Amino acid sequence: PLHPLTLSVLTLLFGLACQCAPAEAQAPDVGLMLAKVFVSEAGFDGETDHLAIANYTRSLGHFWDLPMATTLARRYTRALAPASERRSRPWLANLTRNGLAPRGWPEDRQPWSARQQQWLDALARADAFLAGDIDAPEGCRPHSWGSPVYDREAIDRTIANGGFVIDCGPNARNVFLRWHR
């Protein structure tokens, strides 16, 4: 028989080993990742931009022969960075599926209740896109895109090299481009 102290020590060590053992790898929540990219790149209510960006990202993944989660992580590293690595808008990293205000949300500037439904809609849009239930309109499936302010030089270079702007409608905030007609 084991001495009670030995049994206690073994029980403690077993408990510690169980807590420190690597957890089963959890599959990334691709819908959550995509919705965070939507908000980071086009705001909470940029539905037109959201679908165009999702379509672009899917096409890029096909080109790179990578799953959507890997493509998102590679292409949108800054948008998906943890809060501790973000210089601005750290709350983006803390958006979740539960719809509660993300940690770090600037409640003093705008109540979360003003954006909560838009976040849930962006999340539903990402999930519907990934399920194949919705897509960007046929004429708004870009090969490249960027902000008309921050990416102006890159947009101009793309156009100078044969790219052209596609019309994604009056509500598009970003500039979307294709390489051939």
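First, a word on what this report is: a plain description of the structure on this page. Model, not experiment: these values are computed from the prediction.

Its volume calculated, the largest pocket comes out at about 750 Å³. What lines the largest pocket is a set of 22 residues, and nearest its centre among them are Ser-40, Glu-41, Arg-78, Ala-79 and Arg-89. Looking at the lining of the largest pocket, the elements with two or more residues in it are α2 (30-42) and β1 (144-146). The greatest single-element share of the lining of the largest pocket, amounting to three residues, is contributed by α2. For the lining of the largest pocket, the per-class residue count stands at seven nonpolar, six polar and nine charged. Approximately 220 Å³ is the volume found for the second largest pocket. Tallied by class, residues from the lining of the second largest pocket come to five nonpolar, two polar and three charged.

Attention now goes to the nonpolar core. In terms of nonpolar packing, the biggest core is built from 37 residues, with Leu-34, Tyr-76 and Trp-119 touching the most fellow members. If you list the elements that add at least two residues to this core, you get α2, α3 (47-64), α4 (68-75), α5 (116-131) and β2 (164-166). It is α2 that provides the largest number of residues to this core, a total of eight residues.

Tallying each qualifying case throughout the model produces six aromatic pairs. Here Phe-44 and Trp-91 contribute two aromatic rings whose centre-to-centre distance is 5.8 Å and whose plane-to-plane angle is 10°, an arrangement assigned as stacked. Here Phe-44, found in the loop between α2 and α3, pairs with Trp-91, found in the loop between α4 and α5; they are 47 residues apart in sequence, far enough to count as distant. Judged by relative accessible area, Phe-44 falls into the buried class, the value being 7%.

Moving on, we get to the pattern of salt bridges. One pass over the structure, following the stated rule, counts eight salt bridges. Residues Arg-125 and Glu-47 are paired through a salt bridge, measuring 4.0 Å at the closest nitrogen-oxygen approach. With Arg-125 in helix α5 and Glu-47 in helix α3, this pair connects stretches of sequence that are 78 residues apart. Looking at Arg-125, the relative accessible area reads 13%, which means it is buried. Relative accessible area serves as the criterion here: at 44%, Glu-47 is assigned to the partly exposed category. The salt bridge involving Asp-127 is made with Arg-97; its shortest N-O contact spans 2.9 Å. Of this pair, Asp-127 sits in helix α5 while Arg-97 sits in the loop between α4 and α5; the two residues are 30 residues apart in sequence, bridging distant segments of the chain. You can call Asp-127 partly exposed: its relative accessible area is 29%. Within this structure, Arg-58, Asp-135, Glu-138 and Arg-141 form a network of salt bridges that share partners.

When two helices pack together, you describe them by how their axes are tilted relative to each other and by the distance separating the axes. Relative orientation of the contacting elements α2 and α3 amounts to 120°, with a least axis distance of 9 Å. In terms of orientation, α2 and α3 fall into the oblique class. Crossing angle aside, the handedness with which α2 passes α3 is right-handed. Taken together, the residues of α3 that come into contact with α2 (itself represented by Leu-34, Val-37, Phe-38, Val-39, Glu-41 and Ala-42) are Asp-49, His-50, Ile-53 and Ala-54. Here the contact of α2 with α3 is composed, by residue class, of seven nonpolar, one polar and two charged.

Take the side chain of Asn-55 next. Mapped onto the secondary structure, Asn-55 falls in helix α3. Leaving out residues up to four positions away in the same chain, Asn-55 has contacts with Phe-129, Asp-135, Ala-136 and Arg-141.

As a further point, take the pairing of strand β3 (residues 175-178). Strand direction decides the pairing type here: β1 and β3, joined by three bridges, are antiparallel. What sits directly across from Ser-144, in β3, is Leu-177. Alignment of β2 against β3, held across three bridges, turns out to be antiparallel. Bridge pairing in β3 links Val-165 to Leu-177.

Thresholds applied
- Residues numbered from 1 in each chain as written.
- Predicted model: local features only at pLDDT ≥ 70, side-chain atom pairs only at ≥ 80, totals over all residues.
- Heavy atoms only, no water.
- 1 Å grid on protein atoms, 1.4 Å probe; cavity = no way out; pocket = protein on both sides within 12 Å on 5 of 7 lines; lining within 4 Å.
- Points joined across faces, edges and corners; volume = space filled by probe spheres on them.
- Helix = DSSP H or I, 4+ residues; strand = E, 2+ residues; numbered from the N terminus.
- Nonpolar A, V, L, I, M, F, W, Y, C, P; charged D, E, K, R; others polar.
- Core = buried A, V, L, I, M, F, W, Y, C linked by side-chain atoms within 4.5 Å.
- Buried < 20%, exposed > 50% of the residue type's maximum accessible area, 1.4 Å probe, protein only.
- Phe/Tyr/Trp six-rings, centres within 6.5 Å; stacked < 30°, edge-to-face > 60°.
- Salt bridge = Lys/Arg side-chain N within 4 Å of Asp/Glu carboxyl O.
- Axes fitted to C-alpha atoms, helices over the stretch in contact; angles between N-to-C directions.
- Parallel < 35°, antiparallel > 145°, perpendicular 65-115°, else oblique.
- Left-handed = near helix turned anticlockwise from the far one by under 90°.
- Contact = heavy atoms within 4.5 Å.
- Pairing = 2+ DSSP bridges.

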